[in-house]
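# Structural overview
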Amino acid sequence: MNVLVIGGGGREHTLVWKIAQSPLVKKIYCIPGNAGIDKLAECLKMDIEGNFDQLAEFAKEKNINLTVVGPEDPLANGIVDHFQKFDLKIFGPTKSATEIESSKVFSKEFMIRHNIPTAKAEIFDDPDKAKSYIKKVGAPIVVKADGLAKGKGVFPCRELQKAIDAVDLIMINREFGDAGNKIVVEEFMEGEEASFIAFTDGKTVLPTASSQDHKPIFDGDKGPNTGGMGAYSPAPVVTDEVHELIMETIMKPTIKGMLAEGIPYKGALYAGLMISDGKPRVVEFNARFGDPESQAVLPRMKSDIVPIIMACIDGTLDKMEIEWTERPAVCVVMASKGYPGSYEKGKVISGLNDVSKMTDVMVFHAGTAKKDGEIVTSGGRVLGVTALGDTIKDAIDKAYDAVKKISFDGAYYRNDIGYRALNRSKI
Ligand code: AMP
Ligand code: GLY
């Protein structure tokens, strides 16, 4: 079969890498892809936003049997609804079902309606009322813009004034435009975060391995949040008991609730969780695979991903199982100097050939491009260097061995990816 993957980051390289291993797949296309994906798929530049007609035409013309969507924006803009109209098979939730990610107000009200454990919250469309509430409750407190804000619309505030400023930034300065028409003000949850991603066909929930990412830019989880500086799988905080609680109190009730409300959810459902004293609560839902979590999770998947994805679309996931390797995986993100702020592009990357000879090591490209026959940087997050190991320490050591062989001007990475798992493994 022919497969089309939408997106061009580390997550999409991992998806393409995994899909390419399927004996069912003849050819892969990727829009827009990157210099790593280019080795496995035909990459094409196409402005897809607002142009789903042209994309559907392309899918018909190339006899695409399956389209897999990586990022949230096309999902929130209705790419799935559009492809379904043309009878094209596509993996991901519809526009309405994507509201579980694209509207924090919808998501919070949904969780309340279905008794899904999450932070206590109030919703506001008036900045003055929001500020009075914040003053009444006090810090720490979290302020969130309702809509999609490229991961920048969430403000966990340990000081009252920061929360007030966040309301102004979102609702008065309108930093995120209409995404800030409403806000969610919620309880600050303490605990350890984990990511839990599942495949679902709208009825059955088939979990992937647990994972954890490192959002802040600096070692020790300090500094501003990024899209993710590294990840590892499994997350030891997700014990068997916690896994069971996540499935029974969060994942299954969510899928059942969406079905009951007439908006069946198909695709990958990602729950960002806060775990405290063995009790998981939802921080947020995402309507897609995580990035960089996928770079750590999918290399541990032994089963062919394509039949699982097809079963999600066809509604036959109850017949499927996924086999996982016990071996942990660690992904260290190499970024451009200055990220998550501004950074330069076009730096030549060296060492990739050396690393390609290492066993159990995979380099997933994010912001890379080809220029004059060389691979150069073209984004903030550049590479996700992933290793499988016999233990978490082994995986961490191998990933950093590989990272040290790769260089580009201004390369930055954290030195402590996996530290929480490592600390737990020593207990
Ligand atoms: P989100 O975009 O909703 O995942 O939020 C980004 C980050 O903000 C999360 O990964 C958490 O670290 C933090 N965060 C969001 N909501 C809360 C909360 N209610 N309590 C504590 N931290 C939070
Ligand atoms: N790693 C966080 C995300 O994918 O949203």
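Use the structure listed above.
So, here is what we can say about the structure in this document. Just so you know, these numbers come straight off a predicted model, no measurement behind them.

### Some words on the site of ligand 1
Surveying the vicinity of ligand 1 reveals 15 residues, the closest of which are Glu-186, Met-189, Glu-193, Lys-215 and Glu-284. A distance of 2.4 Å separates an oxygen atom of ligand 1 from a polar atom in the side chain of Glu-193. At a separation of 2.6 Å, an oxygen atom of ligand 1 approaches a polar side-chain atom of Glu-284. Computed on the free molecule, ligand 1 has an accessible area of 470 Å², of which 90% lies beneath the protein chains in the complex. Those elements giving two or more residues to the shell around ligand 1 turn out to be strand E7 (141-145), strand E8 (154-157), strand E9 (183-187) and strand E17 (279-286). Residue composition of the shell around ligand 1, grouped by class: eight nonpolar, no polar and seven charged.

### Structural notes on the site of ligand 2
Around ligand 2 sit Asp-213, Lys-215, Gly-227, Tyr-270, Asn-286, Arg-288, Gly-290, Asp-291, Pro-292 and Glu-293, and those are all the residues in its vicinity. Note that a nitrogen atom of ligand 2 is positioned 2.7 Å from one of the side-chain N or O atoms of Asp-213. Interatomic distance of 2.9 Å between a side-chain N/O atom of Arg-288 and an oxygen atom of ligand 2. Taken by itself ligand 2 offers 200 Å² of open surface, and the protein chains cover 89% of this. Here the shell around ligand 2 is built from residues that sort into two nonpolar, three polar and five charged.

### Notes on helix H7 (residues 127-137)
Owing to its 3.6 residues per turn, the α-helix aligns residues three or four sequence positions apart on the same side. Every buried residue of H7 is listed here: Pro-127, Ala-130, Lys-131, Tyr-133 and Ile-134. Considered in projection along H7, the buried side chains sweep an arc of 160° and stay on one side of the axis. Opposite the packed face of H7, turned more than 90 degrees from it, sit the exposed residues Asp-128, Lys-129, Lys-135 and Lys-136. Buried-residue contacts for H7 involve strand E6 (121-124), E7, helix H8 (160-172) and E9. With its phi angle positive at about 85°, Gly-138 sits one or two positions after the end of H7.

### So, the pattern of salt bridges
Under the defined criterion, the tally for this structure stands at 31 salt bridges. Where Lys-104 meets Glu-284, a salt bridge forms, and the shortest distance between an N and an O atom there is 3.4 Å. Pair noted here: Lys-104 is in helix H6 (residues 104-113) and Glu-284 is in strand E17, with a separation of 180 residues, a long-range link. Looking at Lys-104, the relative accessible area reads 16%, which means it is buried. By relative accessible area, which is 18% here, Glu-284 ends up buried. Here Lys-144 makes a salt bridge to Glu-186, at a shortest N to O gap of 3.1 Å. With Lys-144 in strand E7 and Glu-186 in strand E9, the pair connects residues that are 42 residues apart, well separated along the chain. For Lys-144, a relative accessible area of 3% puts it in the buried group. Here the salt bridges do not stand alone but share partners, grouping Arg-327, Asp-360, Asp-390, Asp-394 and Lys-398 into one network.

Basis of the calculations
Residues numbered from 1 in each chain as written. Chains lettered and ligands numbered in written order. Predicted model: local features only at pLDDT ≥ 70, side-chain atom pairs only at ≥ 80, totals over all residues. Heavy atoms only, no water. Near = heavy atom within 4 Å. Polar contact = N/O pair within 3.5 Å; in protein donor to acceptor, adjacent residues only side chain to side chain. Areas by Shrake-Rupley, 256 points an atom, 1.4 Å probe, with all protein chains shown as cover. Helix = DSSP H or I, 4+ residues; strand = E, 2+ residues; numbered from the N terminus. Nonpolar A, V, L, I, M, F, W, Y, C, P; charged D, E, K, R; others polar. Buried < 20%, exposed > 50% of the residue type's maximum accessible area, 1.4 Å probe, protein only. Arc of directions from axis to C-beta. Contact = heavy atoms within 4.5 Å. Salt bridge = Lys/Arg side-chain N within 4 Å of Asp/Glu carboxyl O.

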